[in-house]
Amino acid sequence: MAVSGRRKSVIFFITLGSFLVALAIALNVGWILLNWRQVALLVLGIIFFMVIIVGVVLNTTFLIREIRRNEQHDAFINAVTHELKTPLASIRLYLETLKTRNPSEAQRENFYDIMLADSDRLLHTVEQVLRAGHAGHSRRRLNPTIIDIGEMVRECLDLTRIRYNLGPETLHYGESMDGERARVAGDADELRAAVSNLLDNANKYSDKEVNVSVEVSTLDEKRVAVRIADRGIGIPSAQLRRIFKRFYRAPGLFMSRVKGTGLGLFIVRSVVEKHGGRVFAESAGLGQGSTFTIQLPRA
Amino acid sequence: MSGVLVVEDEKHLAEGLRFNLEAEGYTVDIVHDGEAALSLLLDEQRPYDAIVLDIMLPGKDGFTVASELRTAGQFVPVLMLTARGRPEDVLRGFESGADDYLQKPFELSVLMARLNALIRRREWFQKDRDGVPAVGREETPANPPEIFQFDGRTIDFDNLELRTPSQTVRLTLMEAGLLRYLIEHEGKVVSRKAMLEEVWGLNEDTDTRAIDNFIVRLRKYIEKEPSQPRHLLTVRGVGYRFVAGPFAPK
C-alpha cells in the first residue's frame, strides 16, 4: 500500500517535472519566434527562461532523489526491525519453552545451540548498525596496529566457515606475495569487519552452491589487494557502483529472497577508504558471479 | 486433532513453534515461503484448522498470501505473526484477510491462547454447518447465536456469514467486528478514530483513511448500489453512520 502510493508519487513528480520542462521550452521557442526583433529583451528573456528550466530540472531531480532516499530508508527500517526482532523472538520462544515444557536432554542441548546462534545474529546486526553509524564520521580516530593481512583474511575465512556451516571445499584461499609478507597499518577490528562482510555477501548471494575463492596478493611495493570472487548471482553493470551506497540494495527477484539491511558494503567502503584504500566490484552480469577487490596501502 | 500450518522462513522460530504446538496436541506442518503455503492450501486443498503466517517471507509476502487465500475462497483462520508492528502494517494485515495479528517477539502463552480462540471459533462454525444446533453442544459460547437482520440481509455474527437474497458472503473476524460496531451504534455517527480504537484496539496515530478500504468492502456486501449507499453512510470529515433502513425489524 505505502510502496505503491510512493511509486505513484514518483511517477507524478517525474511527469510534472517533464511537463514543466517541455512547457518552458515551448514557451521559450515560441517567444523567440515572436520577438526576435527585440534582441536585448530577447537575450535577457532567454537567460531568465534558461534559469527557470535549470531550476525546474534541478528541483525535479532533487525531489526524485529525496523520494528514493525515503524509500530506501523505509526498507532499511523494516529490515533492521526484522533483523533485531526475529532473533529476539526466537530466543524468547526457546526460553519460554525451556521454562514451561519439559524437553529431553538432547532437545535442551539443541535449544541452547539455537539460542546461541540467535544471540550471535543479534550481536552481528547491532554491530553492523553501530559501525555504519560511526562510518559516517570520517574523522573518528583509527586504532592502528601493524596487521598481517593474509593471516587476518584466513581468520575471517575460518569464522565464516563456522558461521555458515560450510564445508572445506567451498572457500578457497590463495596468496601471491613478492617475497615479503603483506602488512597493513590499520584497525584490525574494522578491517576484519570489512572482509567478513564481503565473505558474508559471497555466501548469501550464492544461489545454489557456495564456491568462493579469496586471494591476497601484493600489487607492488605500495599496495596489497584482497580479491573475493564468488560464483553467485552476479551484479548488473549499472549497479556496480551504487551497491556501496548506504541503505542501497540492488532490486531483483533473488535479492528480495535474501534479507539484508543495505549496510554491509557501505561499511566495507568506509572502512577501506578510512585506511587510505579503495574497493570495487566486478561482475560479468546476472548469474555470472562477482568479484570484490579491496586495495590497501602496505605498511 | 487440530492441524496448524506454520508459514515462517526463519527456521529457528518455525521449529520452536512446532515443538510447542505439538506439545499442545496439534499436528504441525512447516513451509518456508508463501508459494509453498498457497500450493498446499489451494492446489492440494490440505485441510488445516489454522495458519500461522509470517509477513516478511521470501517471494510472495504474508499480505499477498492472505489475500490470495481469501480471493480463492479459502477461509481458514489466519494468525499473522510478524516483526512489523506499525499500526499501518497491522491494518494492512487485517485488510488482506488475517483474523488475528501478533507482533514478534511474542509471549508463548498469548500466541497459544489466540490460536486456540481462532480454532474454537472455526469448530463452532463447522459444527453449525454440519447440522448440530448452536445451542446445547459441549463448547457452547456464552451468548446465544447473534443474528442481525435488516433490509432483507442477515448477518450471522457467530458463523461470520452475511446472507443477502442473492448470495452468502463469508466475513473475516475483522469485517464482522467492524459491522458489529457500526450496528451497535446504529443511527449515530462514529469517527474513524473511534473505529480504529474500538475494533482494532489501535491507539496510536494511524492513518485513519485505512478504514475506508474496509468500508468499501462492507458496502459491496450490504448495499444494493455500493456507489449510492443507503445503509453505510459517509459523514463528511467525521466518519460513518450505519442506518438499518425502514425495513429493519426492531
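Every value quoted in this text rests on a predicted model; they were computed, and no experiment measured them. (Residues numbered from 1 in each chain as written. Chains lettered and ligands numbered in written order. Predicted model: local features only at pLDDT ≥ 70, side-chain atom pairs only at ≥ 80, totals over all residues.)

## What to know about the sheet that holds strand β10 (residues 189–191) of chain B
Sheet strands pair via backbone hydrogen bonds, and the direction of the pair is either parallel or antiparallel.
All names here are of chain B.
In step 1: Strand order in the open sheet formed by 3 strands is β10-β12-β11, with antiparallel pairing between adjacent strands. Since the sheet does not close on itself, it has two edges, and those belong to β10 and β11 (232–235), each with one partner. The sheet shows a mean angle of 35 degrees between the axes of neighbouring strands, taken without regard to direction.
In step 2: Pairing geometry for β10 and strand β12 (residues 239–242), over 3 bridges, is antiparallel. The residue of β12 that forms the bridge with V189 is R241.
In step 3: Sheet contacts for helix α7 (residues 192–200): β10 and β12; angle to β10, the most-contacted strand, approximately 70 degrees. (Pairing = 2+ DSSP bridges. Helix = DSSP H or I, 4+ residues; strand = E, 2+ residues; numbered from the N terminus. Axes fitted to C-alpha atoms, helices over the stretch in contact; angles between N-to-C directions. Contact = placed C-beta atoms within 7 Å.)

## Some remarks on helix α2 (residues 34–43) of chain B
Since one α-helical turn is 3.6 residues long, residues separated by three or four positions face the same way.
Residues and elements named next belong to chain B.
In step 1: Every buried residue of α2 is accounted for by G34, A37 and L41. Viewed end-on, α2 has its buried residues packed into an arc of 65 degrees, placing them on one side of the element. Residues of α2 that are exposed and point more than 90 degrees away from the buried face comprise S39 and D43.
In step 2: Among the structural elements, β1 (3–7), β2 (27–31) and α3 (62–71) are those in contact with the buried residues of α2.
In step 3: Where α2 terminates, the next one or two residues include Q45, which has phi positive at roughly 55 degrees. (Buried ≥ 20, exposed ≤ 12 C-beta atoms within 10 Å, placed from the backbone. Arc of directions from axis to C-beta.)

## Structural notes on the domain arrangement of chain B
A common measure of how large an interface is: the accessible area buried when the components associate.
In step 1: For chain B, the assigned domains read domain 1 (3–128) and domain 2 (147–242).
In step 2: A C-alpha centroid distance of 25 Å is found between domain 1 of chain B and domain 2 of chain B. (Domains from an automatic or database assignment.)

## A short note on the pairing of strand β6 (residues 278–283) of chain A
All names here are of chain A.
In step 1: The alternating pattern of β6 places V279, A281 and S283 on a buried face, while none of R278, F280 and E282, on the opposite face, is buried.
In step 2: With 6 bridges connecting them, β6 and strand β7 (residues 290–297) associate as antiparallel partners. Note that in β7 the partner of R278 across the bridge is Q295.
In step 3: Hairpin remark: β6 followed by β7, antiparallel, with 6 residues in the connecting loop; positive phi at G285, about 125 degrees.

## Focus on the environment of F106(B)
In step 1: Take F106(B): it is sitting in the loop between β5 (100–103) and α5 (108–129).
In step 2: For the pair formed by F106(B) and H32(B), sequence separation is 74 residues and the distance between their alpha carbons is 20 Å.
In step 3: Look past the residues within four positions of F106(B) in its chain and what remains in contact with it is A89(A), L81(B) and L111(B).

## Comments concerning the environment of E68(B)
In step 1: Checked against the element boundaries, E68(B) lands in helix α3.
In step 2: When the C-alpha atoms of E68(B) and G97(B) are compared, they prove to be 8.9 Å apart, with 29 residues separating the residues in sequence.

## Here we look at the sheet that holds strand β5 (residues 223–230) of chain A
Residue and element names in this part refer to chain A.
In step 1: Spatially, β2-β4-β5-β7-β6 is the arrangement adopted by the 5 strands of the open sheet, whose pairing is mixed. Lying at the two open borders of the sheet, with one neighbouring strand each, are β2 (171–176) and β6. Across the sheet, the mean angle from the axis of one strand to that of its neighbour is 15 degrees, orientation sign disregarded.
In step 2: Where strand β4 (residues 212–218) and β5 come together, 7 bridges link them in antiparallel fashion. Of the residues in β5, the one forming a bridge with E215 is R227.
In step 3: On top of the sheet, helix α5 (residues 188–204) reaches β4, β5 and β7; it is set at about 20 degrees to β5, its chief contact.
In step 4: In the packing of helix α7 (residues 264–274) onto the sheet, the strands contacted are β6 and β7, and the crossing angle to β6 comes to about 135 degrees.

## Regarding the interface of chain B and chain A
In step 1: Contact with chain B, which involves 18 residues of that partner, is made by 21 residues of chain A.
In step 2: Examining the composition of the side of chain B that touches chain A, we find that 6 residues originate from one element, helix α1 (residues 11–23) of chain B, more than from any other.
In step 3: Split into classes, the residues belonging to the side of chain B that touches chain A amount to 9 nonpolar, 4 polar and 5 charged. (Nonpolar A, V, L, I, M, F, W, Y, C, P; charged D, E, K, R; others polar.)

## Re the domain arrangement of chain A
All names here are of chain A.
In step 1: With domains assigned, chain A is organised as domain 1 (2–74), domain 2 (90–135) and domain 3 (145–297).
In step 2: The centre of domain 2, based on its C-alpha atoms, is set 27 Å off from the matching centre of domain 3.
In step 3: Taken together, the 5 residues of domain 2 in the interface contact 8 residues of domain 3.

## Section: helix α4 (residues 149–163) of chain A
Residue and element names in this part refer to chain A.
In step 1: Spanning 15 residues, α4 covers 21 Å between terminal C-alpha atoms, matching the ideal 21 Å at 1.5 Å per step.
In step 2: Among all positions in α4, only I149, G150, V153, C156, L157 and T160 are buried. What you see down the axis of α4 is that its buried residues fit within an arc of 120 degrees, all on one side. Among the exposed residues of α4, those oriented more than 90 degrees off its buried face are D158 and I162.
In step 3: Those residues of α4 hidden inside the fold are in contact with β1 (145–148), β2, β3 (183–186), α5, β4 and β5. (Expected span 1.5 Å × (residues − 1).)

## Brief notes about unusual backbone geometry
Residue and element names in this part refer to chain B.
In step 1: A cis geometry characterises the amide bond from K104 onward to P105, with omega recorded as -5 degrees.
In step 2: With respect to the helices and strands, P105 occurs in the loop between β5 and α5.
In step 3: Here Q45, not a glycine, exhibits a phi torsion of approximately 55 degrees, which is positive.
In step 4: Its place among the elements puts Q45 in the loop between α2 and β3 (50–53).
In step 5: Classification of Q45 by C-beta neighbours within 10 Å gives exposed; the count is 8.
In step 6: The phi dihedral of D151 falls on the positive side, at around 45 degrees, and the residue is not glycine.
In step 7: Judged by local crowding, D151 falls into the partly exposed class, with 17 C-beta atoms found within 10 Å.

## Comments concerning the nonpolar core
When a protein is soluble and globular, its nonpolar side chains tend to lie buried together.
In step 1: V4(B), V6(B), V7(B), I51(B), V52(B), L53(B) and L79(B) are the most contacted members of the largest nonpolar core, which totals 66 residues.
In step 2: Excluding residues that lie within four positions of it along the chain, L53(B) makes contacts with V7(B), G62(B), V65(B), A66(B), V78(B), L79(B), M80(B) and L81(B).
In step 3: Membership of the second largest hydrophobic core comes to 40 residues, among which are V153(A), A193(A), V226(A) and V268(A). (Core = buried A, V, L, I, M, F, W, Y, C linked by C-beta atoms within 7 Å.)

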